[in-house]
Amino acid sequence: MPSESAIKVSELTKCYGKLLAVDHINLTVNKGEIFGFLGPNGAGKTTTINMLTGVTKPTSGTAFISGFDVKHEPIKAKELVGVVPEVSFLYDEMTAWDNINFSAKLHSVPKKKRAALARELLRLFRLYDRRNDRVGAFSGGMKKRLMIATALMHEPEILFLDEPTTGLDVQSAMQIRDLIKELNEKGTTVFLTTHYIEEADQLCQRIAIINRGKIITVDTPEELKNTVKKENIIEVSFDHAGDIVDELKELSEVRDVVIAGDKFRLYVEDPAETLPSLVHFAEKKRLKVTSVSTLKPTLEDAFVKLTGLRPELMTLEKENTKPS
Amino acid sequence: MAEAWIEEMKRVFYIAEKDVKIYFFKGPNLTFGLLLPVVLYVAFSIGRTVESAFVIPGLVAMAAFFGAGAIQAVSLPLERRTGTFKMLLTAPTSLSTIIFGKTLAGFFFGTFLSVVYTLIMLPFSPLPNLLPFFLAILVSSLMFSVFGLLLSVPFQDIPDAMPPATVVRIAMVFICGVFTPIETMPASLQTVAYALPLTYSVDALRQAMSGSLNNQMFLIDLAVQIFYSFVFLFATIKLLKKTIE
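Sequence order sets the numbering: in each chain, residues are counted from 1 along the sequence as written. All chains are assigned letters beginning at A, and all ligands numbers beginning at 1, according to the order in which they are written. Local features in this predicted model are restricted to residues of pLDDT 70 or higher, and side-chain atom pairs are both shown and tallied only at a pLDDT of 80 or more, whereas totals for entire chains, interfaces and linings draw on every residue.

Draft legend 1. Molecular detail of the overall build of chain B. Only DSSP runs of H or I covering at least 4 residues are called helices, and only runs of E covering at least 2 are called strands; the numbering of each starts at the N terminus. Check the secondary structure of chain B and you find 10 helices and 0 strands. Secondary structure elements of chain B, listed N to C terminal, follow the sequence α-α-α-α-α-α-α-α-α-α. To get the radius of gyration, use the C-alpha atoms; to get the globule rule, take the number of residues to the power 0.38 and multiply by 2.2 Å. At 18 Å, chain B has a C-alpha radius of gyration in line with the 18 Å of a compact globule built from 245 residues. Reported as C-alpha extents along the three principal axes, the dimensions of chain B are approximately 55 × 40 × 35 Å. By the burial criterion, 51% of the 245 residues in chain B qualify as buried. Sequence separation of at least 24 residues holds for 85% of the intrachain contacts in chain B that already meet a minimum separation of 6. Three exposure classes are used. Buried residues have 20 or more other C-beta atoms within 10 Å of their own C-beta, exposed residues have 12 or fewer, and partly exposed residues fall in between, all C-beta atoms being placed from the backbone. In this description, any two residues whose backbone-derived C-beta atoms lie within 7 Å of each other are considered to be in contact.

Draft legend 2. Summary view of the packing of helix α6 (residues 130-152) of chain B against helix α7 (residues 158-175) of chain B. Residue and element names in this part refer to chain B. Lines fitted to C-alpha atoms define the axes here, with helix axes fitted over just the stretch in contact, and angles between the N-to-C directions of these axes take values from 0 to 180 degrees. The interhelical angle for the contact between α6 and α7, taken along N-to-C directions, is 130 degrees, at an axis separation of 9 Å. Relative to α7, α6 is oriented oblique. Between α6 and α7 lies a crossing of right-handed hand. Two secondary-structure elements touch here, α6 through Gly148, Leu151 and Ser152 and α7 through Ala161, Ala165 and Val168. Charged means Asp, Glu, Lys or Arg here, nonpolar means Ala, Val, Leu, Ile, Met, Phe, Trp, Tyr, Cys or Pro, and polar covers whatever is left, Gly included. Considering only residue class, the contact of α6 with α7 consists of 4 nonpolar, 2 polar and no charged. Small angles under 35 degrees read as roughly parallel and large ones over 145 as roughly antiparallel, with 65 to 115 read as roughly perpendicular and the rest as oblique. Two helices that cross are described as forming a left-handed crossing if the nearer one is turned anticlockwise from the farther one by less than a right angle, and a right-handed crossing if clockwise.

Draft legend 3. The domain arrangement of chain A, seen in detail. Note that domain bounds follow an automatic or database assignment of domains. When the domains of chain A are assigned, the result is domain 1 (5-220) and domain 2 (230-296). The distance between the C-alpha centroids of domain 1 of chain A and domain 2 of chain A comes to 41 Å.

Draft legend 4. Representation of the interface of chain A and chain B within the structure. At the junction of the two partners, chain A supplies 23 residues and chain B supplies 17 residues. The element that contributes the greatest number of residues to the side of chain A that touches chain B is helix α3 (residues 96-106) of chain A, accounting for 4 residues. Among the residues making up the side of chain A that touches chain B, the classes are represented as 11 nonpolar, 7 polar and 5 charged.

Draft legend 5. Quick peek at the confidence of the model for chain B. Residues and elements named next belong to chain B. Averaged over every residue, the pLDDT of chain B is 88; the share at 70 or more is 100%. In predicted models, pLDDT denotes the confidence assigned by the predictor to each residue on a 0 to 100 scale. Least confident of the elements in chain B is helix α2 (residues 27-45), whose mean pLDDT is 77; most confident is helix α4 (residues 85-89), at 95. Overall fold confidence (pTM) sits at 0.83, and the ipTM for the predicted complex is 0.87.

Draft legend 6. Highlighting the environment of A:Arg123. Residues and elements named next belong to chain A. By secondary structure assignment, the location of Arg123 is in helix α4 (residues 111-124). Its 13 C-beta neighbours within 10 Å are what place Arg123 among the partly exposed residues. The sequence separation of Arg123 and Glu182 amounts to 59 residues, and the corresponding C-alpha distance is 15 Å.

Draft legend 7. Looking closely at the sheet that holds strand β9 (residues 206-211) of chain A. All names here are of chain A. Strand pairing is assigned whenever DSSP identifies at least 2 bridges connecting the two strands. Overall, mixed pairing links the 6 strands, which are arranged β6-β7-β8-β3-β9-β10 in an open sheet. Two strands lie at the open edges of the sheet, namely β6 (81-84) and β10 (214-219), each paired on one side alone. Recorded for the sheet is a direction-independent mean angle of 15 degrees between the axes of neighbouring strands. Bridge analysis of strand β3 (residues 34-38) against strand β8 (residues 189-194) gives 5 bridges, and the strand direction is parallel. The residue bridging Gly36 from the neighbouring strand is Leu192, located in β8. The strands touched by helix α1 (residues 45-52) within the sheet are β3, β7 (158-162), β8 and β9, with β7 carrying the most contacts at an inclination of about 150 degrees. Across the sheet, helix α11 (residues 299-307) is in contact with β3, β9 and β10; its angle to β9 comes to roughly 35 degrees.

Draft legend 8. Examining the confidence of the model for chain A more closely. Residue and element names in this part refer to chain A. The share of residues in chain A with pLDDT of 70 or more is 94%, and the mean pLDDT across the chain is 88. When mean pLDDT is compared element by element in chain A, α3 scores highest at 97, while helix α12 (residues 311-320) scores lowest at 55. Of the regions scoring below 50 in pLDDT, residues 320-324 engages in 4 contacts with residues more than four places distant in sequence or in other chains.

Draft legend 9. Seen up close, the nonpolar core. Counting 151 residues, the largest nonpolar core has A:Phe160 and A:Leu192 as its most contacted members. Here the element with the most residues in this core is helix α3 (residues 52-82) of chain B; it accounts for 17 residues. Setting aside chain neighbours within four positions, we find A:Leu192 in contact with A:Ile34, A:Phe35, A:Gly36, A:Phe37, A:Leu161, A:Pro164, A:Ile180, A:Leu203 and A:Cys204. With 10 residues, the next largest nonpolar core counts A:Val257, A:Leu266, A:Tyr267 and A:Val268 among its residues. When buried Ala, Val, Leu, Ile, Met, Phe, Trp, Tyr and Cys residues are joined through C-beta atoms within 7 Å, the set is termed a nonpolar core.

Draft legend 10. Fine view of the pairing of β8(A). Residues and elements named next belong to chain A. Among the 6 residues that make up β8, 6 are buried, leaving the element largely enclosed by the rest of the structure. Residues Thr189, Phe191 and Thr193 line one face of β8 and the alternating positions Val190, Leu192 and Thr194 line the opposite face, and both faces are buried. Where β7 and β8 come together, 5 bridges link them in parallel fashion. Along β8, the bridge assignment pairs Phe160 with Phe191. Handedness of a crossover: with both strands directed away from the viewer, a clockwise path from the first strand across the helix to the second marks it as right-handed. Crossover handedness for the path β7 to helix α6 (residues 170-185) to β8: right-handed.

Draft legend 11. Quick look at the packing of α3(A) against helix α5 (residues 140-152) of chain A. Residue and element names in this part refer to chain A. Look at α3 against α5: their axes get within 8 Å of each other, and the N-to-C directions meet at 30 degrees. The angle between the axes of α3 and α5 places the two elements in the roughly parallel class. α3 and α5 meet at a crossing whose hand is right-handed. Residue-level inspection shows Ala96, Asn99, Ile100 and Ser103 of α3 in contact with α5, the latter providing Leu146, Ala149 and Thr150. Among the residues forming the contact of α3 with α5, the class breakdown is 4 nonpolar, 3 polar and no charged.

Draft legend 12. Seen up close, the sheet that holds strand β11 (residues 232-238) of chain A. All names here are of chain A. With antiparallel pairing, 4 strands are arranged side by side in an open sheet as β12-β13-β11-β14. Of all the strands in the sheet, the pair left with one neighbour each is β12 (254-260) and β14 (289-295). Strand-to-strand twist across the sheet, computed as the mean angle between neighbouring axes with direction ignored, equals 20 degrees. As defined by bridge partners, β11 adjoins strand β13 (residues 263-268) across 5 bridges and the pair is classed as antiparallel. Paired with Ile233 across the two strands is Tyr267, which belongs to β13. Here helix α10 (residues 271-284) sits on the sheet in contact with β11, β12, β13 and β14, set at roughly 15 degrees to β11.

Okay, here's the thing in structure tokens:
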């Protein structure tokens, strides 16, 4: 059954015993868009992807991939998707060429087309020269590129990418982001989970923020930023500050204070009213203001406001649980 | 419909082919599949007079039993631990197809080892009735392959899966008439022996080697093994489905 939406999820729920991993979520992903699924570690992002791609069964609710019910027509649904999990699903003992061909065989890619497509993709992902090497010897970035190539062998309509840049060096991460953009320009719908807020902002046309199994909001990055537009931010740094967050929170008009590296971000109603009290505070505490500026709200600010989570905490959690 | 079925059959073969390439020569396979039957045979036969026509069919059955089982104790837990199982699960195929593919790989390994053992033992044994003997090897390898898969379902890693599976197998070897005739065992043990699948494999191979093949008994042995294969297959699919739900 043809459908306008690439993915349509209604009241989708997953329980592991008493743990509610995904809690009655609803979302629609349009054909041809890059849809971001943003949330901290353990928010339910991977579980959602697993339900949509046939790795695990939903406890309740429905999910459709291009009109095919993942519960009742899983094979038809799986024919349309390519999946790149967070942790490598490649066989380390096999060569890059054998891995990519094995996946293509499982997806019934005809033999003649298989070889040509494998060559094309391995060249595109700059792995052709290493095609006869065992995957076990590949770096994290190479494995990730090969996983994407493998997922594209059957030319899927929808590509699921689960944390595609986690654990990669800056250059590899940039390359993967460029590839995602290119694929989307060619018409592939991309469902991307990430805990990197900037990545979601750069790539996605719409973003769903998920926390503790519940979707908090779904909107475009710009609209999400607008949710915090009424708030102004003063970013200030001192020569030697110490733990002054609580004291800063008591200044007039300050609604919240967030530490950002060596700076403090003060969320205020009106910067003009807060700045004099900030200067007075610095004088009183004998602190020298080394820099002060007002900022436009970012997606990170929207995320903080909507989830109550510190973005750096989210990254830390993920890095600490990174598979070896 | 027929085309879809052919595609599924192809996928069964591709999965089996991949398992053969990756897991046939893994260390634990060779240790538990190739060497353990020999070790058990040597340990039992030292200081005893053993009749080759009695023990050799048991040894060939053990080769199928340990061989087909060993690859399953490696492949499924390792795929689940390393994450490669996701490549299979996200492919447009059913869990049953994945299980059939893995069964086929174990079947190949069990058959291969049994034939190797048969060829090695041939100079020391009476010439078997070749067709029934080979048929018995095929049916036994199929049953032991699914049995091995069933034993490995609860485990996510090789070191966890190997020991319990080996204990179960060794216990079965001593109960199922591989070294000692079942008729000489106490009645209670005989009841246990007749409930275990290895008994029928050993009996079928022994009949095929005896020179006086009892067709009816031989067919019963094969039928029981095929019945067990279906039961194990059904249980494996059910259990594995439960673990991924």
